[in-house]
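Listed here are the chains, written in short residue letters.
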Amino acid sequence: MKFTDLDRHMRIYETAHDHCALPGIYLVARIDGRCFSRLTKEIHDFKAPYDERFRDYMIETIEHLMQCGFRVIFAYSQSDEINLLMHPQESSFSRKLRKYNSVLAAEASARFSLSFGHLATFDCRISQLPQVDDVIRYFRWRQDDAHRNALNGHCYWFHRKQGLSDQEAHQKLMGVSNSEKNEFLFTEAGINFNEIPTWERRGFSLYWQDQVRLGTNPKTGESQESKRQVLKVDLELPMKHGFELMVRNILEAQL
Ligand SMILES: Nc1nc2c(ncn2[C@@H]2O[C@H](COP(=O)(O)OP(=O)(O)O)[C@@H](O)[C@H]2O)c(=O)[nH]1
Ligand SMILES: [Mg+2]
């Protein structure tokens, strides 16, 4: 068989089920660390439940993901996950989902591993959201999950530090409500949940901001202003409705 015939014959198997996101659908990628429970507990002595070094590796990874060829307008991260909202007109790779999934997972894995100094990998999935309200709900969902994780994490690690095994600590938390966990932390562990760092309770974000710089016009020698976009790392996110409003403003500014 000639190469051109063989190529045409085989290519179908590779591409026939390629799915492209429809124009106008909002795309959010969730990139999640693979087996990070083990990695954070056994391979590295990260402080538990939260470690600023781990957070900073995630920030370096997100900064890379926001500048590696996709039009990412907003990132939200908590625990070992990174959520990226694409610009509505994002069109790389003809919006082929397999490309977003594989390239973003690969870029995140490579960048995080460099910071971390060990092999670490991420998977990626894409949510295709039909309306702005769905995008807002998506990020609200992830932030509510951050709150749940923080509450659980602090309770779990308090039990562990008291000498309980992994299984025993998990069992202690079964069927316990959020307000009971709050109360437990306050009375037993001496932790006022509302006073732990905001980024632990609410996650954190990266987004673009205009920066005005004063320079000199090389031709005229006169001073002039120039504008460029820089990434802001926001560790003090608002919560609930305030967070929803923030995501809405960032997205609607692009429409
Ligand atoms: N020690 C520590 N662990 C963290 C930190 N951030 C995330 N993790 C852990 O990362 C894991 C992420 O959970 P999940 O994605 O469900 O588990 P996976 O399937 O093992 O990756 C949890 O076990 C978290 O406790 C941190 O700052 N310090
Ligand atoms: Mg994970």
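Within an unreviewed UniProt entry, the label attached to the protein chain reads tRNA(His) guanylyltransferase, and the organism entered is Pseudobacteriovorax antillogorgiicola. Per its UniProt entry, the protein chain bears the Cofactor (unreviewed entry) comment "Mg(2+)". Reading the Sequence similarities (unreviewed entry) entry of the UniProt record for the protein chain gives the comment "Belongs to the tRNA(His) guanylyltransferase family."

Q: In this structure, what is going on with the environment of valine 28? I would like to understand it.
A: Here valine 28 is to be found in strand S1 (residues 26-33). Each C-alpha atom of the pair valine 28 and glutamine 162 lies 40 Å from the other, and the pair is 134 residues apart in sequence. Residues within four places of valine 28 in sequence aside, it is in contact with Asn83, Leu84, Leu85, Arg125, Ile126, Ser127, Leu129, Tyr138 and Phe139.

Q: Looking at this structure, I do not really get the side chain of serine 109. What am I missing?
A: Here serine 109 shows up in helix H4 (residues 97-116). Among the polar contacts made by the side chain of serine 109, one reaches the main-chain amide nitrogen of phenylalanine 122 at a distance of 3.0 Å. Apart from residues lying up to four places away in sequence, serine 109 is in contact with Ala120, Thr121 and Phe122.

Q: Please explain the UniProt feature "domain: Thg1 C-terminal" (unreviewed entry) in the protein chain as it appears in this structure.
A: UniProt marks residues 136-229 with the feature "domain: Thg1 C-terminal" (unreviewed entry), using the numbering shown here. Between the C-alpha atoms that bound residues 136-229 the distance is 24 Å, and the span itself is 54% helix and 21% strand.

Calculation rules
Residues numbered from 1 in each chain as written. Chains lettered and ligands numbered in written order. Predicted model: local features only at pLDDT ≥ 70, side-chain atom pairs only at ≥ 80, totals over all residues. Heavy atoms only, no water. UniProt positions renumbered as here; feature names shortened; annotations may be inferred. Helix = DSSP H or I, 4+ residues; strand = E, 2+ residues; numbered from the N terminus. Contact = heavy atoms within 4.5 Å. Polar contact = N/O pair within 3.5 Å; in protein donor to acceptor, adjacent residues only side chain to side chain.

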